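Structural overview
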Amino acid sequence: MWHTMEMKRFFIKNYGCQMNSYDSSRISDLLVKEKYVQANKITEADIVIFNTCSIREKADEKLFSDLGRARLLKVKAQSAYSDFLIVVTGCVAQLQPERLVEKAPYVDIIIGPREIHRITQCLDEALRHPSAAPKILTDQTNQDKFSCYDEAQSLQQGETSMFLTIQEGCDNFCSYCVVPRTRGREFSRDAADVLKEARQLLSRGTKEIVLLGQNVNSYRGVGLDGKSWNLSRLLFALAELDELKRLRYFTSHPKDLDEGMARAHGEINILAPSLHLPVQSGSDDVLERMNRKYSRADYLGCIDLLRSRRPDMAFSSDFIVGFPGETDNDFQETLRLVETVKFSQAYSFKYSQRPNTAAERMEGQIPENVKSERLTILQEILNFQQDQFNQNCIGRYLEVLITKRGRHENQWNGRSEYSQAVAVEDNSLSAGDLVLVKITDRLSHSLVGVVEK
Ligand code: SAH
Ligand code: SF4
Ligand code: F3S
């Protein structure tokens, strides 16, 4: 029973993007600090937390099937007179709290992404009044979110590579996207805060930091000198930190890519020579209706600018096929852009109609079978390019950051500067080493290599 001070166990399931994964880790930190214990299985928990995503309809459907399962566990727990709490955090919580209450009235707590730091207080209340109506926190008064992580974060062991959110929210309102509604207005953390968190990660053994933001390259935070810093300024400051071996950042928006970022890639040697730069479509008409604020030529200009400073730069991207009104010709333009850029990796999706977005009501919604056809064609080319990219790495020397032991004895796994998984045949390594590896072979999703001595 709640009233005895027995320790409660929580299970957290993460859906969606890296920002959510960072949030899930912070939720765990906060709960561990309050003496909750993390369970590895949903069946071993008293509190189940779903940190949700609503970017496409599929993610949302998955949530409701998981909720159904959690409800059964709740019924079972309650019939044994023990309480059981179901918590929904993240983007679905923010976007449609009423729909959640209607479809899943057994949910106890609903918290939007900008309020998750208040979870411990909500749990305390719900534990004291288990049968109260669902508690809903979606007011997006964000700023304190990051400031209360400090102490809690240091309780958990760091890994070789860690995420660090520096910017949250989005003001771009691409016509297909829910994020401006779920994450709220753009907000950048102070540089001092970011540096402090980075130092904390490094002191716990982290070697690679991945900066996160919905539009990370529109970062505008208060700098150490009191002036406004952009992302390149912040990258130069982070690059000064001892012990930091590699820096990455995403997601970048093409419209905010500037000369300063190109200079950072030219001059900061711990900055990985890869950039995730979602293009979505290669057609100017479609880009315009998507409200992306750049043209196909602008996008190709970004690629040229970066390649001029860093010839070994690799590009990855996101694509949406079947956006309302997308003609065969528009789609061909996307394929032509792919041929021009040659991506090292990419994610591609069928357009998904989302509530309260401008594109939801656009004419010319594309039939499902056409979307599927286009997706198959696009993915075939993207997969081919990824394979080519990996194939071309054979014989090259890549910098591999070792993360964990491999499947075979004498083998360690790590990631190259292009984020490829690399298995290294060498027994003398340990996690956190950055080594120059000669790539000797390629498997379907990874590379194999040896450290040249
Ligand atoms: N801020 C980033 C991406 C955030 S969402 C950017 O602007 O690029 C991640 C990806 O999901 C997007 O790049 C887009 O390709 C995809 N996406 C977003 N909304 C979508 C929708 N309604 N249907 C299909 N894919 C979508
Ligand atoms: Fe969504 Fe566009 Fe903002 Fe990216 S930039 S999060 S796609 S609205
Ligand atoms: Fe999903 Fe929200 Fe991220 S909608 S992709 S979890 S910002």
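Residues numbered from 1 in each chain as written. Chains lettered and ligands numbered in written order. Predicted model: local features only at pLDDT ≥ 70, side-chain atom pairs only at ≥ 80, totals over all residues. Heavy atoms only, no water.

1. Concerning the overall build of the protein
Looking only at helices and strands, the protein has 15 helices and 21 strands in total. Taking 22 Å as the expected radius of gyration for a compact globule of 453 residues, we find that the protein reaches 23 Å, a close match to that expectation. Each of the three principal axes of the protein carries a C-alpha extent, and together these read 65 × 60 × 50 Å. When the 453 residues of the protein are sorted by exposure, 54% land in the buried category. Restricting to contacts in the protein with at least 6 residues of sequence separation, those with at least 24 account for 73%. Accessible surface, the protein as shown: approximately 20200 Å² in total, 48% of it carbon and sulfur. In the protein, 59 positive and 63 negative side-chain charges are present, and the distance between their average locations comes to 2 Å. (Helix = DSSP H or I, 4+ residues; strand = E, 2+ residues; numbered from the N terminus. Rg over C-alpha atoms; globule rule 2.2 N^0.38 Å. Buried < 20%, exposed > 50% of the residue type's maximum accessible area, 1.4 Å probe, protein only. Contact = heavy atoms within 4.5 Å. Areas by Shrake-Rupley, 256 points an atom, 1.4 Å probe, with all protein chains shown as cover. Lys, Arg positive; Asp, Glu negative; His and termini not counted. Charge placed at Lys NZ, Arg CZ, Asp CG, Glu CD.)

2. Observations concerning a negative patch on the surface
Taken together, the side chains of Asp284, Asp285, Glu288 and Asp298 make up a negatively charged region of the molecular surface. For the negative patch, the leading source of residues is helix H12 (residues 284–290), giving 3 residues. With respect to the helices, strands and loops of the structure, aspartate 298 is situated in helix H13 (residues 296–309). On the accessibility criterion, aspartate 298 (43% relative accessible area) is partly exposed. (Patch = residues over 30% accessible without salt bridge, like charges linked within 9 Å, V, L, I, M, F, W, Y side chains within 5 Å. Salt bridge = Lys/Arg side-chain N within 4 Å of Asp/Glu carboxyl O.)

3. Structural notes on the side chain of histidine 253
Along the chain, histidine 253 turns up in the loop between strand E13 (246–250) and helix H11 (259–267). A residue is classified by how much of its surface remains accessible, and histidine 253, at 3% relative accessible area, is buried. If near-sequence neighbours (up to four positions away) are discounted, histidine 253 is found in contact with Asn172, Asn215, Asn217, Leu277, Arg292 and Tyr294.

4. Remarks on the nonpolar core
Among the nonpolar cores identified, the biggest contains 53 residues, and Leu211 and Leu235 are the most heavily contacted of them. The next biggest cluster of nonpolar side chains, apart from the first, holds 27 residues, and it includes Met19, Leu31, Leu137 and Tyr149. (Core = buried A, V, L, I, M, F, W, Y, C linked by side-chain atoms within 4.5 Å.)

5. A word on the site of ligand 3
The environment of ligand 3 is made up of Cys17, Asn20, Thr52, Cys53, Ser54, Ile55, Cys91, Val179, Arg183 and Gln214. Residue classes in the shell around ligand 3 are distributed as 5 nonpolar, 4 polar and 1 charged. Two domains share the shell around ligand 3, each providing at least three of its residues, namely domain 1 (5–137) and domain 2 (145–392). (Near = heavy atom within 4 Å. Nonpolar A, V, L, I, M, F, W, Y, C, P; charged D, E, K, R; others polar. Domains from an automatic or database assignment.)

6. Thoughts on helix H10 (residues 231–238)
Residues lying three or four places apart along an α-helix face the same way, a consequence of the helix completing one turn every 3.6 residues. Burial analysis of H10 places 6 of its 8 residues in the buried class, which makes it a mostly covered element. Among all positions in H10, only Leu231, Ser232, Leu234, Leu235, Ala237 and Leu238 are buried. Buried residues along H10 sit in contact with helix H9 (191–203), strand E10 (208–212), strand E12 (228–229), E13 and H11.

Note that all results are geometric; they support no functional claim without further evidence.
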